[in-house]
There are 2 protein chains.
Amino acid sequence: MHPPWQNSLLMRAARREPVERTPIWLMRQAGRYLPEYRAVRQKMPFAALCKNPDLAAGVMLATVDRLKVDAAILFSDLLVLLEPLGFEVEYAPGGPVIKNPLRMPDDVDRVRELEDAAELDYVLETVRKTRSGLDAGLPLIGFAGAPFTLAAYLIEGGVIRDYRRTKSFLYTDRGAWDALLGRLARAAGRLLEAQVASGAQLVQLFDSWVGCLGVEDYREHVLPYSREAIALVPPETPVIHFTTGNPALLSPAAEAGRGRKHLILGVDWRIRLEDAWRTIGHETAIQGNLDPAVLLGPPEEVRRRTEDVLRQAAGRPGHIFNLGHGVLPQTPVENVRLLIETVQAGTGPG
Amino acid sequence: MHPPWQNSLLMRAARREPVERTPIWLMRQAGRYLPEYRAVRQKMPFAALCKNPDLAAGVMLATVDRLKVDAAILFSDLLVLLEPLGFEVEYAPGGPVIKNPLRMPDDVDRVRELEDAAELDYVLETVRKTRSGLDAGLPLIGFAGAPFTLAAYLIEGGVIRDYRRTKSFLYTDRGAWDALLGRLARAAGRLLEAQVASGAQLVQLFDSWVGCLGVEDYREHVLPYSREAIALVPPETPVIHFTTGNPALLSPAAEAGRGRKHLILGVDWRIRLEDAWRTIGHETAIQGNLDPAVLLGPPEEVRRRTEDVLRQAAGRPGHIFNLGHGVLPQTPVENVRLLIETVQAGTGPG
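Conventions adopted
Residues numbered from 1 in each chain as written. Chains lettered and ligands numbered in written order. Predicted model: local features only at pLDDT ≥ 70, side-chain atom pairs only at ≥ 80, totals over all residues. Heavy atoms only, no water. Contact = heavy atoms within 4.5 Å. Salt bridge = Lys/Arg side-chain N within 4 Å of Asp/Glu carboxyl O. Helix = DSSP H or I, 4+ residues; strand = E, 2+ residues; numbered from the N terminus. Nonpolar A, V, L, I, M, F, W, Y, C, P; charged D, E, K, R; others polar. Buried < 20%, exposed > 50% of the residue type's maximum accessible area, 1.4 Å probe, protein only. Polar contact = N/O pair within 3.5 Å; in protein donor to acceptor, adjacent residues only side chain to side chain. Pairing = 2+ DSSP bridges. Least-squares fit on C-alpha atoms with pLDDT ≥ 70 in both.

**As for the interface of chain B and chain A**
Counting from both sides, the interface comprises 37 residues of chain B and, opposite them, 37 residues of chain A. Taken together, chain B and chain A are joined by six salt bridges. B:D291 is the salt-bridge partner of A:K167, the closest N and O atoms lying 2.6 Å from each other. For the side of chain B that touches chain A, the secondary structure elements donating two or more residues are α7 (164–172), α9 (215–221) and α13 (299–313) of chain B. Classifying every residue of the side of chain B that touches chain A gives 13 nonpolar, 10 polar and 14 charged.

**Looking at the side chain of B:Q29**
Residues and elements named next belong to chain B. The topology assignment puts Q29 in the loop between α1 (9–14) and α2 (35–43). Classification of Q29 by relative accessible area gives buried; the value is 1%. Engagement of the side chain of Q29 in a polar contact is seen with the backbone nitrogen of L26, the distance being 3.0 Å. Those residues in contact with Q29 that lie beyond four places of it in its chain are L34, M60, T63, V64, L67, V69, A71, A72 and I73.

**Here's the deal with the sheet that holds strand β4 (residues 140–145) of chain A**
Residue and element names in this part refer to chain A. Reading across the sheet, the seven strands line up as β1-β4-β5-β6-β7-β8-β9 and stay open at both edges, with parallel pairing between neighbours. Looking at which strands have only one partner, the edges of the open sheet turn out to be β1 (72–73) and β9 (319–323). Of the pairings in the sheet, the one linking strand β6 (residues 239–243) to strand β7 (residues 263–266) comprises four bridges and is parallel in character. Note on β7: the bridge partner recorded for V239 is L263.

**A closer look at the sheet that holds strand β4 (residues 140–145) of chain B**
On the basis of which strands lie adjacent, the open sheet formed by seven strands has the order β1-β4-β5-β6-β7-β8-β9 (chain B) and parallel pairing. Across the chains shown, the open sheet's two edge strands, defined by having one partner strand only, are β1 (72–73) and β9 (319–323) of chain B.

**Overview of the pattern of salt bridges**
Evaluation of the coordinates by the stated rule reveals 60 salt bridges over all chains. Put simply, A:E341 and A:R337 hold a salt bridge, and the shortest N to O gap is 2.8 Å. Taken together, the residues span about one helical turn, with A:E341 and A:R337 both in helix α14 (residues 333–345) at a distance of four residues. One salt bridge in this structure joins B:R304 and B:E301, with 3.1 Å as the shortest N-O distance. Of this pair, B:R304 and B:E301 are both found in helix α13, three residues apart, which corresponds to roughly one turn of the helix. On the basis of relative accessibility, which here comes to 39%, the residue B:R304 falls in the partly exposed class.

**With respect to the relation of the copies chain B and chain A**
Mapping chain B onto chain A calls for a screw motion: a turn of 180° about the axis and a shift of 0.0 Å along it, with 0.0 Å RMSD after fitting. When the rotation and shift are considered jointly, the pair of chain copies conforms to a two-fold rotation axis. No C-alpha of chain B lies nearer the rotation axis than that of B:N246, which sits 2.9 Å from it. Comparing interface residues between copies, 100% of those in chain B also lie at the interface in chain A; the contact surface is shared.

Here it is, written out as structure tokens:
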């Protein structure tokens, strides 16, 4: 007897089984573009919200209810993982700042090993509360930052422009880089594993900054660690591996989940969906790939572009609709609704 | 009787003729990483330097002499073109700022048409002075910003993060977008044409911000205008079409110069050189593609990576060595020298 969410549209699409229509959820679906969310945030800072499982779960449940999306995602942040590793994160208006960044290769010694994800119990409690409040027909997605993206935050000290420090670190001290990425891979993997144990049905690994790298650097310095993180997720659990910023990385990014039963590759708008499938092979599911900036345009354009993505996915099993990156704060809510309605009205793959 | 520069290594490589070794120059070769350049800049602001043909030519000639690169490039800036179009540019420490940005589609009416590149006579005078001071065996490269990149600067008002305003403009008012890009294409094309008439042997069109777009947007909203700019360059003159940030755009970017005798595609480090050639076909020359961040690493890494790029180019005619983007200000001069020596010591394609 499987719980109903195991047969949800999104879980079936993740397993490349037939679905009546394409499922959709949105990265940053609970975010600043929503007036309800802004109202919550006026009352408390972002970090406090993440650390309050009742409120964090509530924000996501209200969003799912309002938008009628096909999945909830844990309300949390990539950088919560850095605190138990010994770093202090401040959410400043211009973006997060690491108060004690990792500047010298020797600093790697002070990165703690996350032995037990229970150190992030408030995250797991948010998973439990979201799962217990969520419609039993909908799945809950857990997530963590990928080792490279976490390393880039730690080394740059916050919002990143040219990745200069990160690459310089990587080219200068391979030993320190490997030690750092190994620690981050195990931390991310253990957190994902614990989220699954706490009630998440699938998980997404976010490599949001990796597009600054070329293929060799990715293969040599990143791929082994993303693979290590993904390998800690229970084998039956579908994993969404999200990268953005460089379509040439799609093939190696797919290798990070090679051998898994259910791998979904996150794809951004820089490449046509049909070209992405041609590149990685049709046996891998894809999540994507509308440009979030399309939602700043007029409704006709939102509808036209959404239908174009559906047309490119044309009947293939294993398509989860999403944006190629998070919803932009300036996005009109009506356009988000229109996008979701357009996807849900589509006939999708059968 | 051709002047000697017509038979320079770089011009031969640009025409895909045999060369004894791979030619090299660097984007931003005269830049803040050089102590001599910083000394000049301490005496005057960037805008004043660009507007002083004697000093601007002098800066480039001294750089070519010091680095022993295989070409000079006009010392100027992408944004000088915006002034005669009616915009005020301020070079602030955080990057250039457009004082009167283009915010509403109606604003396009106030963009002037550049009827005659003589309005930028100081740029053409810099071309003449650089050419007359340069070794007759070396070519001089002219350049201009591509229509999309210029539009993005105008609309965002300066240094760009998420290209939100630009895309929103593009999705909202096609008529205004087309009018704007047309005006920018003619301005860029006329400037390039005038640079050739003033003494440049080849020209580069810089589309430095275009990597934020997907393939459909590029084809529909950008490619026709880049093609229009390139078409104004005299037919015998080689054109380097530089884009960065999205390898999926290489094929359409090559189309912007389809039918030209000599087209060189600028390629960044996000894709392997051999994959780039496979994508665009071997009848197009390539300029690239070392990651500028490699020059922040140790000398062994600089040498190893440089040799790897040469190995990938392996004997193909039509390779000009360059970085995938400009030299970073923090780059040690010795690493730049080592890169150039490594390329010039290589046997290259014969």
